[in-house]
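Architecture at a glance
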Amino acid sequence: MTNSILFNYPLNSNQIESLEAELSEINRKINFIIIVSTSNYDLIKKIRSNYLTCPICERLFKKEEMKDNEKFVCPEDNEFQFLKEEIQKFHEFAIENHLVNSKKTIEKLLKENKITTSNIINLTVDNEKDIFSGEIQEKILKVIMNL
Ligand SMILES: [Zn+2]
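What you are looking at is a predicted structure, and each value in this text was computed from that prediction instead of being measured.

Turning our eyes to something else, we now look at the overall build of the protein chain. What the protein chain contains, in helices and strands, is five helices and four strands. The order of α-helices and β-strands along the protein chain, N terminus first, is α-β-α-β-β-α-β-α-α. Burial analysis of the protein chain (147 residues in total) assigns 5% to the buried set. A separation of at least 24 residues holds for 57% of the contacts in the protein chain among residues at least 6 apart in sequence.

Once that is clear, we can look at helix α3 (residues 84–113). Relative to the 44 Å expected for 30 residues at 1.5 Å per residue, α3 spans 40 Å between its end C-alpha atoms, a close match to the ideal helical length. Maximum bend of α3: about 45°, positioned at N101. Count one or two residues on from α3 and you reach K114, which has phi positive near 45°.

Let us now look at unusual backbone geometry. The omega angle of the peptide bond from Y9 to P10 is -5°, so this bond is cis rather than trans. Position of P10 among the secondary structure elements: in the segment before α1 (13–25). If you check the backbone angles, N8 has positive phi at about 60° while not being a glycine. Turning to its location among the elements, N8 is positioned in the segment before α1. N8 gets classed as exposed once you count the C-beta atoms within 10 Å, which come to 9. We note that E58 has phi near 65°; this positive angle belongs to a residue other than glycine. With respect to the helices and strands, the residue E58 is situated in the loop between β2 (51–53) and β3 (60–62).

Procedures and definitions
Residues numbered from 1 in each chain as written. Predicted model: local features only at pLDDT ≥ 70, side-chain atom pairs only at ≥ 80, totals over all residues. Helix = DSSP H or I, 4+ residues; strand = E, 2+ residues; numbered from the N terminus. Buried ≥ 20, exposed ≤ 12 C-beta atoms within 10 Å, placed from the backbone. Contact = placed C-beta atoms within 7 Å. Expected span 1.5 Å × (residues − 1). Bend = angle between axes of the 7 residues up to and from the residue.

Right under this line is the structure:
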């Protein structure tokens, strides 16, 4: 049986419930959780003020690269266009939502899947460079390859 990797999902309790229902139908369960977190509040503030989140793929883009009257077009989802105010609103919502929901979501996942502490892998990000240089992505891949 092959393993599947879900990235950035589930993000809230409704998504956990629908994922678990789907998994139980095919007789599968969640075995490992990789948590990427930061204890650096300044990093969260920097991401909030210096970046924008694509509402489709949720990748981050530098805000300074976008002019005021320009429409946002993500290179991955270039069939969509967004106004800067729309993208700004979505970005703020995505960050708030993440901060409010991630602890609750992780706790629910752990409880309902009876995942042991040895199957929880914690990675921490302390500065902007780790995210945008691809360093954290490499760490995640390394963890996945060693599961
Ligand atoms: Zn996108």
